[in-house]
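# Commentary on secondary and tertiary structure
What follows is the residue order along each chain.
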Amino acid sequence: MDCNSRLENMTDSKYRQDNSISFKHCRMSGWRAFLWMLVTVICMAIAVPNEAEAAKKRSSKAKTTATAKKKTATRNTAKKTASTAKSTSSSKKRKTTSKSRKGSSSRRRAGSSSSKGGNWALTAADVNPDSKSPEVKAKKSSKRQVTVERPDLEAIRVATLDPKNPMYFPKLMKKFNRNDTTMTADEFRHLYLGYMFQEDYDPYRESPYSSVTDAYRNKTSHSKEEIDTIRKYAELTLLDNPFDLRQMSFLVHVLKERRKDMSAKIWEYRLEHLLGAIKSTGTGENEENAWFVIYPAHEYDMVQLMGYHAVDADFIEPGFDYLIVEPEEETARRLRDKVQKGFYFDVRQIHQQYELKHPEDGNEEDEASDAAIDEESAEDPDDIPAEEDPDDTPAEEDPDDIPAEENPDDIPAEENPDDIPAEENPDIIPAEEPEAVIPAG
């Protein structure tokens, strides 16, 4: 083989070797690129959801910020409007407003004459702060209008004691406790009036916790500790008696004072609809349209709600309470000639249920009345003659010692004066009588 062929062979082998090396290098470079691409895709897959969530958070935060800004702007506008209205109002209106506020606070602090002093009185503002009277409240919302209808207590008793009936009392109580806003006015009527027929009902029973809050009722403001105490014992009282409207109203007030607005709205909703249940039973204008209540204290709550305060009370047979009232200043101005002088309440069922639950009290009252009658009819001890001493009483005579009655025939006749012989004169001697001549045989 000549030199040229050798050179060509060497050149070819070197070329083939260089090509194999370059191919191997290219193949390694391809795998590395593929691996880098795979890692990049995986990282992007992980990073994209996180970035999407972060974007959602940023958008929600932006919406919240915008909403907060809108609310702040609305509040500022309302404050400016209120301040402008206050500045433009006359001094006379200011005085009238201050007087009405003082009257409202005094009504809240005043208690009913039938209960302890200092109890929290109900007002329309407690039920709906945006209105001062039930009429205004009814105009604002057609859903809250009260339909007046005399209740059929016997039908309510049967329905609330029947487990198969939708008005079964435990079912209604569950809906009431879980703040079910779908409860109808009829369901609230059955809940309120049906409580009279439950086993634990007692119209004159007082909760042992209700007296704890009495010390705080007359205060216009309360500390955080006081509000916590009031809330605790008011809720304990309402667990014991779910229809204590005084405690419910007081609880609404302190929750608003503490800025617990959601809890305050819950209790306010309950209070409003229970009072609506009472109003739906009548008008209170006469005995035929008397309001039905399950507690005597609710009579004073209704009177306060209507804008009056009770000054006296009468009981009318066979079972009606008549509260003599006087209107508040705002009520007198609003109603003028239509101001009521009093309201009637039907309490016959209350008395019947109490007698059923406490028959011994009725017997004690009867015994007390009988004792009073006996005392009135009893003679004065000073007028009763003293008892005779047995020693001074003569012994009874023995029948054998009593002499027999004389026979009239044995009594000698009175002597005739002519038959009495005259006294003999010694100078006169009576002549001798001749001897009797005996005739011869």
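Everything quoted here is computed from the prediction, not taken from an experiment.

## As for the overall build of the chain
From N to C terminus, the chain includes 14 helices and 4 strands. For the chain, the proportion of its 441 residues judged to be buried stands at 29%. Long-range contacts, defined here as pairs at least 24 residues apart, represent 60% of the contacts in the chain between residues at least 6 apart. When the accessible surface of the chain is summed, it comes to about 31400 Å², and 54% of that surface belongs to carbon and sulfur atoms.

## A short note on the packing of aromatic side chains
The tally for this structure, following the rule as stated, stands at 14 aromatic pairs. Seen from their ring centres, Phe169 and Tyr195 are 5.9 Å apart, and the 25 degrees between their planes marks the pair as stacked. Taken as a pair, Phe169 in helix α6 (residues 169-177) and Tyr195 in the loop between α7 (185-194) and α8 (224-240) lie far apart in primary sequence, 26 residues in all. A centroid spacing of 5.0 Å and a plane angle of 50 degrees characterise the contact between Tyr195 and Phe243, whose relative ring orientation is tilted. You can see Tyr195 sitting in the loop between α7 and α8 and its partner Phe243 sitting in the loop between α8 and α9 (245-257), a full 48 residues away along the chain. By relative accessible area, which is 0% here, Phe243 ends up buried. Members of the aromatic cluster, joined through ring pairs, are Phe169, Phe176, Phe188, Tyr192, Tyr195, Tyr201, Phe243, Tyr269 and Tyr295.

## Comments concerning the sheet that holds strand β1 (residues 291-292)
If you walk across this open sheet you meet the 4 strands as β1-β4-β3-β2, and the pairing is mixed. Pairing within the sheet leaves two strands with one partner each, and these edge strands are β1 and β2 (308-316). Direction of pairing for strand β3 (residues 320-327) relative to strand β4 (residues 342-346): antiparallel, over a ladder of 5 bridges. Bridging from a neighbouring strand, Phe320 pairs with Asp346 of β4.

## Some thoughts on helix α10 (residues 261-279)
Compared with an ideal rise of 1.5 Å per residue, which puts 19 residues at 27 Å, α10 spans 26 Å between its outermost C-alpha atoms and is within 8% of the ideal. Among the residues of α10, those classed as buried are Ala264, Trp267, Glu268, Arg270, Leu271, Glu272, Leu274, Leu275, Gly276, Ala277, Ile278 and Lys279.

## Regarding the environment of Phe345
The residue Phe345 is located in strand β4 in this model. A relative accessible area of 0% means that Phe345 is categorised as buried. The residues touching Phe345, leaving out its near neighbours within four places in the chain, are Ala290, Trp291, Val293, Glu299, Met302, Val303, Gly319, Phe320, Asp321 and Leu323.

## Observations regarding the side chain of Lys175
Inspection of the secondary structure assignment puts Lys175 in helix α6. With relative accessibility at 17%, the residue Lys175 sits in the buried group.

## Considering the confidence of the model for the chain
The predicted model of the chain has a mean per-residue pLDDT of 74, with 53% of residues at 70 or higher. Low pLDDT (under 50) marks residues 88-121, which in the prediction has 51 contacts with non-local residues, meaning those over four places away or in another chain. Confidence over residues 123-143 falls short of pLDDT 50; this stretch has 44 contacts with residues more than four positions distant or in other chains.

## Here we look at the environment of Tyr209
The residue Tyr209 is located in the loop between α7 and α8 in this model. Placed 31 residues apart in sequence, Tyr209 and Asp240 show a C-alpha to C-alpha distance of 8.8 Å.

## A look at the packing of α8 against α9
Relative to each other, α8 and α9 sit at 150 degrees, their axes nearing to 10 Å. Considering the angle they form, α8 stands roughly antiparallel to α9. In terms of crossing hand, the pair formed by α8 and α9 is left-handed. Contacts between α8 and α9 involve Ile227, Ile230, Arg231, Ala234, Glu235, Thr237 and Leu238 on the former and, on the latter, Gln247, Met248, Phe250, Leu251, Val254, Leu255 and Glu257. For the contact of α8 with α9, a count of residues per class yields 9 nonpolar, 2 polar and 3 charged.

## A closer look at the pattern of salt bridges
In total, this model carries 14 salt bridges according to the counting rule given. A salt bridge links Lys175 to Glu187; the shortest N-O distance between them is 3.1 Å. On the criterion of sequence distance, the pair formed by Lys175 in helix α6 and Glu187 in helix α7 is long-range, its members being 12 residues apart. Each member of the salt-bridge network shares a partner with another, and the members are Arg150, Asp346 and Arg348.

## A short note on the pairing of β4
By the criterion of burial, β4 is predominantly enclosed, with 5 of the 5 residues buried. Residues Gly342, Tyr344 and Asp346 line one face of β4 and the alternating positions Phe343 and Phe345 line the opposite face, and both faces are buried. Of the pairings in the sheet, the one linking β1 to β4 comprises 2 bridges and is parallel in character. Among the inter-strand pairings, Phe292 is bridged to a residue of β4, identified as Asp346.

## Quick look at helix α5 (residues 153-160)
Restricting attention to buried positions, one finds in α5 the residues Leu153, Ile156, Ala159 and Thr160. Seen from one end, α5 has its buried residues packed into an arc of 125 degrees, which puts them on one side. The inward-facing, buried residues of α5 contact α6, α7, β1 and α13 (348-357).

## Side note on the environment of Glu235
Here Glu235 is to be found in helix α8. You can call Glu235 partly exposed: its relative accessible area is 29%. Each C-alpha atom of the pair Glu235 and Ser210 lies 9.6 Å from the other, and the pair is 25 residues apart in sequence.

Cut-offs applied
- Throughout this description, residue numbers start from 1 for each chain and increase along the sequence as written.
- Where local features are concerned, this predicted model is filtered to residues with pLDDT of at least 70; where side-chain atom pairs are given and counted, the filter is 80 or more; whole-chain, interface and lining totals use all residues.
- Computation of side-chain values covers all heavy atoms of the structure but excludes hydrogens and water.
- Secondary structure elements follow DSSP: runs of H or I no shorter than four residues count as helices, runs of E no shorter than two count as strands, and numbering proceeds from the N terminus.
- Here's how the labels work: a residue is buried when its accessible area is under 20% of the maximum for its type, exposed when over 50%, partly exposed in between, all with a 1.4 Å probe on protein chains only.
- Every residue pair with non-hydrogen atoms within 4.5 Å of one another is taken to be in contact.
- Under the convention used here, a 1.4 Å probe and the Shrake-Rupley method define accessible areas, while residue burial counts only the protein chains that appear.
- Classification of ring pairs rests on two measures: the distance between centres of Phe, Tyr or Trp rings, Trp counted by its six-membered ring, which must be within 6.5 Å, and the angle between planes, read as stacked under 30 degrees, edge-to-face over 60 and tilted in between.
- Strands are labelled as partners when DSSP assigns at least two bridges between them.
- Helix span, as expected, comes to 1.5 Å for every residue beyond the first.
- The pLDDT value tells you how sure the predictor is about a given residue, anywhere from 0 up to 100.
- Axis angles are defined between N-to-C directions and span 0 to 180 degrees, where every axis is a line fitted to C-alpha atoms and, for a helix, only to the segment in contact.
- Comment on the angle field: the value is read as roughly parallel under 35 degrees, roughly antiparallel over 145, roughly perpendicular from 65 to 115, and oblique elsewhere.
- The hand of a helix crossing depends on one turn: near helix anticlockwise from the far one by less than a right angle means left-handed, and clockwise means right-handed.
- Nonpolar residues are Ala, Val, Leu, Ile, Met, Phe, Trp, Tyr, Cys and Pro. Charged residues are Asp, Glu, Lys and Arg, and all others, Gly as well, are polar.
- Here a salt bridge means any side-chain nitrogen of Lys or Arg lying within 4 Å of a carboxyl oxygen belonging to Asp or Glu.
- Arc, as used here, means the arc of the directions from the helix axis to the C-beta atoms.

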